[in-house]
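Fold and geometry: a report
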Amino acid sequence: MLRPPLSAVELPSLLIRGAQVHTPGSGLSEPCDVRIERGIIAEMAPQLPDLDSEVVFGTGAILAPAFVDLLACAREPGDEHEEDLQSLSECAVAGGYTAVVVSPLTEPSNDDHAVTELIIRRAREHGLCELLPQGALTHRCEGKSLATMGEMAEAGAVCFGDGDRPVQSARLLRHALEYARGFNRPVFVQPLDVDLAGQGVMHEGPWSTRLGLRGCPAAAESVIVARDIAVAQLAHGRLHFARITCRRSVELIRQAKAQGVAVTAAVTPWHLRYTDAQLQDYASQWKFVSPLRGEDDRQALLEGLRDGTIDAIGSDHMPENIGDKEVEFDLASPGSISLQTVLPLVLDCVRAGELPLYIALDALVAGPRRVLGLPGAEIRPGRTATLTLLGPRQTWTLDGATSRSKSHNTPVWGHELQGQVLLTLLRGRVVHQA
Amino acid sequence: MMEATGQTGQNSGISLARPLPQLRHLLGLQDLSRQDLLAILDLSADMKAVNARRIKKLPTLRGVTVLTLFVENSTRTRMSFELAAKRLSADTMSFTASTSALSKGETLLDTARNLEAMGPDIVVIRHSCSGAPQFLAQRIGCGIVNAGDGAHEHPTQGLLDVLTMREKLGDLAGKKVAIIGDIRHSRVARSNLFALATLGAEVHVAGPATLLPTGIEQLGCIAHPRVEAALEGADVVMMLRIQRERQGNDFFPNAHEYHRFFGLDQERLRLAKPHALVMHPGPMNRGVEISPEVADGPQSVILQQVENGVAVRMAVLYLVALSRGLQQAA
């Protein structure tokens, strides 16, 4: 079922003809030919001769630096039957990604350099994409005492956080931000006041009232966004909000950025594209860790992306055994596999006129690199050919034949989607071809 | 007596002057049209006439099996459904959570599929999780009748309440109905709201604001954080049960204070119209949401509600069976 990459070996020379090139910050170029040799972009021009290059026709397609994801869960170690690091990587490259931040919420959790090293070793073994471990912020992600952040940073952790578990103690967050400064790593948080959220299973609003489901108010998120901004200011730390969902959070982050606080934020494609109205049939596939909110909140997230308040779009890839979804809504596990469907969902917003294409791509290409403090990516001669070729108009269906995940918990399973990743290159090697 | 036993099914006492609604499941009242709602109510009135006979039984659902699947306790609703099924000559079996495998970790879907394999035609489900009846209706082949799901709907309660109101008041268009108490956690309130909105009544809900859920007015009512405005000039006053576990959970301070500000006593009832109906879905907390003299007073129709419950459930089971081709129209 799984097709091996077209060529796992380095191609001597590859010529991508006629694609428009996305440059972060400035958008799409005129159609152009790009030659890649020995993993490096060798030359770019409107018309290049074939020479002895293998040719890929990119007419109508977009060539962009490969995406970086800030928000994915593997289930290795612990629940490899749901997703292991290999299948996660296959999903990633099929979604246009060549680097993925991996949540520490596994069994055992990544709160120790041995787990960090395991993740990096797996990435080296399969060679598909880079796995960027998020080291746990606290021991066993329990929010009680700091994890061994220094050793994990040394082993390759790129950031710290407790996955989707909220940090409840402001004092602990302060110390984590301060401590992480010494290792030059950002701290990722899931903003939620668990007390105010109560037992909420969806956004609190007219839909939760109609459906009789317990609501989680948007304020349960924004009060913690406000608190954490103040804590970040106090600690002079680098703080990243992993998922924000509501208007008030966007406003607070906009204000904090204007005041020079080192804060970044991401949003999921689900929250950009959908609202809580999706839940009207109690379909648990639409249940996420941070609930889908109302239309006004969705509009605010789009505004936040357009004006740069929100830095990145994170996949929120969260594989679950389908049995954990096939239960009463209250009891269903939240989350969805997402890496392969980010592009079509984001392009839906572009097609709806809600998001300029270059901003959508920047939120997948440049934003995540900026959050992590990685060097910027650009397509020009001399740069590494870590690229993805996107067919914005191509349609495909997410199903057993196309999905690379071991799980199939997603609300768009079996749906026709528009926007396909045609090719992904990691340092010149083809790691995915549709 | 011959008519009551209706051996040939020629004259079961059910009038068929109106077209009967297609009702493959009854999951809620939200999506029922006015026409369908009225047809169910009229059929319920016919069923009530059957219940007034000396031999209270029709042969119409002979050979149909009704399973009551109660994953949340409720003796009286289950009994009401079982009695309704028996009066239509259906076979009944019951499954309750306390004796069930659900407490041993079997999922609802597995339990339902196992029970389905025994061949019931209609499953009457009560569940503490909102949406559980929808969940089953999408996954098993039986007709599903919602007997109350979480804080979502309790459609047969809504129907019996509206039937009771119509018996006393006739057309409900423009009638003022006050629903008072724990609106947030009440499926009874939601089912009544949907049905009353469809029938054109003017619905006011009231209670401490902690128990008024966000956006309730978008369901077609006016909400008040005190009860007086809702009671003024009301034709119907429906009191909801206050669950004692809500007190001390920050929803309100204690039962005494609740009664003082939100309970229905004689004096407060005088704000409503002189012959306003007093209703309660039961079981009542006397002295908390309702004082004993009001509960037992001349305006109370609480026991008629219980009586109407059997008739409404007969009508619903009959229509679901009919819509699924389990029974020819009499």
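Residues numbered from 1 in each chain as written. Chains lettered and ligands numbered in written order. Predicted model: local features only at pLDDT ≥ 70, side-chain atom pairs only at ≥ 80, totals over all residues. Heavy atoms only, no water.

Further remarks concern the overall build of chain B. What chain B contains, in helices and strands, is 12 helices and 9 strands. Taking 330 residues into account, the globule formula puts the C-alpha radius of gyration at 20 Å, and chain B, at 20 Å, falls close to it. Projected onto the principal axes, the alpha-carbon positions of chain B cover approximately 55 × 45 × 35 Å. The buried share among the 330 residues of chain B stands at 58%. Taking the intrachain contacts of chain B between residues at least 6 apart in sequence as the baseline, contacts between residues at least 24 apart amount to 74%. Side-chain charges in chain B split into 35 positive and 32 negative, and the spacing between the mean points of these groups amounts to 4 Å. (Helix = DSSP H or I, 4+ residues; strand = E, 2+ residues; numbered from the N terminus. Rg over C-alpha atoms; globule rule 2.2 N^0.38 Å. Buried < 20%, exposed > 50% of the residue type's maximum accessible area, 1.4 Å probe, protein only. Contact = heavy atoms within 4.5 Å. Lys, Arg positive; Asp, Glu negative; His and termini not counted. Charge placed at Lys NZ, Arg CZ, Asp CG, Glu CD.)

Here we take up the sheet that holds strand S5 (residues 176–180) of chain B. Residue and element names in this part refer to chain B. Strand order across the open sheet formed by 5 strands is S7-S6-S5-S8-S9, with parallel pairing between neighbours. The two strands at the open ends of the sheet, each matched to only one other strand, are strand S7 (222–224) and strand S9 (277–279). Recorded for the sheet is a direction-independent mean angle of 20° between the axes of neighbouring strands. Judged from the 5 bridges that link them, S5 and strand S6 (residues 202–206) form a sheet pairing that is parallel. In the sheet register, Ile-179 faces S6, and the bridge partner there is Val-205. (Pairing = 2+ DSSP bridges. Axes fitted to C-alpha atoms, helices over the stretch in contact; angles between N-to-C directions.)

In this section: the packing of aromatic side chains. Residue and element names in this part refer to chain A. For the structure shown, the criterion picks out 8 aromatic pairs over all chains. With a centroid separation of 5.4 Å and 50° between ring planes, the pair formed by Tyr-179 and Phe-183 is classed as tilted. A relative accessible area of 29% places Phe-183 in the partly exposed class. Geometrically, the ring pair formed by Trp-270 and Trp-286 is edge-to-face, given 6.1 Å between the ring centres and 90° between the ring planes. (Phe/Tyr/Trp six-rings, centres within 6.5 Å; stacked < 30°, edge-to-face > 60°.)

This part takes up the sheet that holds strand S4 (residues 143–149) of chain B. Residue and element names in this part refer to chain B. Spatially, the 4 strands line up as an open sheet ordered S2-S1-S3-S4, and their pairing is parallel. Of all the strands in the sheet, just strand S2 (91–96) and S4 have a single pairing partner and so form its edges. Along the sheet, successive strands turn relative to each other by an average axial angle of 15°, direction set aside. Inspection of the sheet shows strand S1 (residues 65–70) paired to S2 by 6 bridges, in the parallel sense. Residue pairing for S2: Thr-68 is matched across the bridge by Ser-94. Sheet strands touched by helix H4 (residues 108–116): S1, S2 and strand S3 (122–127). Its angle to S1, the strand with the most contacts, is close to 160°.

Right, let's talk about the interface of chain A and chain B for a bit. On the chain B side, the residues contacting the 15 residues of chain A number 25 residues. Counting the surface chain A buries against chain B, the share from its top three residues, A:Thr209, A:Arg210 and A:Glu328, is 40%. Remark: the boundary between chain A and chain B carries 1 salt bridge. One salt bridge in this structure joins B:Arg139 and A:Glu326, with 2.8 Å as the shortest N-O distance. Split into classes, the residues belonging to the side of chain A that touches chain B amount to 6 nonpolar, 3 polar and 6 charged. (Buried area = accessible area lost by both parts, 1.4 Å probe. Salt bridge = Lys/Arg side-chain N within 4 Å of Asp/Glu carboxyl O. Nonpolar A, V, L, I, M, F, W, Y, C, P; charged D, E, K, R; others polar.)

Once that is clear, we can look at the side chain of A:Thr106. All names here are of chain A. Summarising the element assignment, Thr-106 is placed in the loop between strand S7 (97–102) and helix H2 (113–126). Within the local environment of Thr-106, its side chain forms a polar contact with the backbone oxygen of Pro-108, the two atoms lying 2.7 Å apart. The contact partners of Thr-106, leaving out residues within four places of it in the chain, are Ala-74, Arg-75, Glu-76 and Pro-77. (Polar contact = N/O pair within 3.5 Å; in protein donor to acceptor, adjacent residues only side chain to side chain.)

Next up on the list: the pairing of strand S17 (residues 416–426) of chain A. Residue and element names in this part refer to chain A. Taken across its 11 residues, S17 has 9 buried, putting it largely inside the fold. The sheet contact formed by strand S16 (residues 387–397) and S17 spans 8 bridges and is antiparallel. Note on S17: the bridge partner recorded for Thr-397 is Glu-416. Between S17 and strand S18 (residues 429–433), which pair antiparallel one after the other, the connecting turn spans 2 residues, and Arg-427 there sits at a positive phi close to 45°.

Right, let's get into the confidence of the model for chain B. Residues and elements named next belong to chain B. Mean pLDDT for chain B: 91, with 90% of residues reaching 70 or above. Taken together, the stretch residues 1–11 has pLDDT below 50 and engages in 15 contacts with residues farther than four places along the chain or on a different chain. The ipTM, which scores confidence in the relative placement of chains, is 0.89 for this predicted complex, and the corresponding pTM is 0.92. (pLDDT = per-residue confidence, 0-100.)

Along the chain, the position of B:Ala45 falls in helix H2 (residues 34–51). Separated by 26 residues in sequence, B:Ala45 and B:Val71 place their C-alpha atoms 30 Å apart.

Let's shift gears to the side chain of B:Thr68. All names here are of chain B. Mapping Thr-68 onto the fold places it in strand S1. For Thr-68, the side chain forms a polar contact with the side chain of Glu-82, separated by 3.2 Å. The residues touching Thr-68, leaving out its near neighbours within four places in the chain, are Arg-78, Phe-81, Glu-82, Met-93, Ser-94, Phe-95 and Val-124.

In this section: the pairing of strand S1 (residues 13–23) of chain A. Residue and element names in this part refer to chain A. Extensive coverage of S1 is indicated by the burial of 9 of its 11 residues. Note that S1 and strand S2 (residues 27–37) share 8 bridges and pair antiparallel. Across the sheet, the residue bridging to Ala-19 is Cys-32, located in S2. Between S1 and S2, which follow one another and run antiparallel, lie 3 residues, and Gly-25 among them has a positive phi close to 90°. As defined by bridge partners, S1 adjoins strand S4 (residues 54–57) across 4 bridges and the pair is classed as parallel. Paired with Arg-17 across the bridge in S4 is Phe-57. Pairing analysis gives 2 bridges linking S1 to strand S5 (residues 62–65), with the strands arranged parallel. Bridge pairing links Gln-20 to Ile-62 in S5.

Overall, the prediction assigns chain A a mean pLDDT of 95, with 97% of residues at 70 or greater. Every residue in residues 1–8 of chain A is under pLDDT 50, and counting partners more than four places away or in other chains gives 13 contacts.

Residues and elements named next belong to chain A. One can describe the packing of helix H1 (residues 85–94) onto H2 by two numbers: an axis separation of 10 Å at closest approach and a directional angle of 60°. Here H2 runs oblique to H1, going by the angle between their axes. With respect to the hand of their crossing, H1 and H2 are arranged in right-handed fashion. Together, Leu-85, Gln-86 and Ser-89 of H1 and Ile-119, Arg-122 and His-126 of H2 make up the contact between the two elements. Its residues placed into classes, the contact of H1 with H2 shows 2 nonpolar, 3 polar and 1 charged. (Parallel < 35°, antiparallel > 145°, perpendicular 65-115°, else oblique. Left-handed = near helix turned anticlockwise from the far one by under 90°.)

So, on to the packing of helix H3 (residues 75–87) of chain B against helix H12 (residues 302–323) of chain B. All names here are of chain B. Between H3 and H12, the shortest axis-to-axis distance is 8 Å and the interhelical angle comes to 60°. On the basis of their axis angle, the class for H3 and H12 is oblique. Crossing angle aside, the handedness with which H3 passes H12 is right-handed. For the pair H3 and H12, the contacting residues are Thr-77, Ser-80, Phe-81, Leu-83, Ala-84, Ala-85 and Arg-87 in the first and Gly-309, Val-310, Arg-313, Met-314 and Leu-317 in the second.

Attention now moves to the pattern of salt bridges. Residue and element names in this part refer to chain A. Going through the model one piece at a time under the given rule, you end up with 33 salt bridges over all chains. Note that Asp-33 and Arg-17 form a salt bridge whose closest N and O atoms lie 2.5 Å from each other. With Asp-33 in strand S2 and Arg-17 in strand S1, this residue pair connects regions lying 16 residues apart in the sequence. Since its relative accessible area comes to 3%, Asp-33 is described here as buried. For Arg-17, a relative accessible area of 15% gives the class buried. For the salt bridge of Glu-251 with Arg-248, the shortest nitrogen-to-oxygen distance reads 3.0 Å. Of this pair, Glu-251 and Arg-248 both sit in helix H8 (residues 247–258), separated by 3 residues, roughly a single helical turn.

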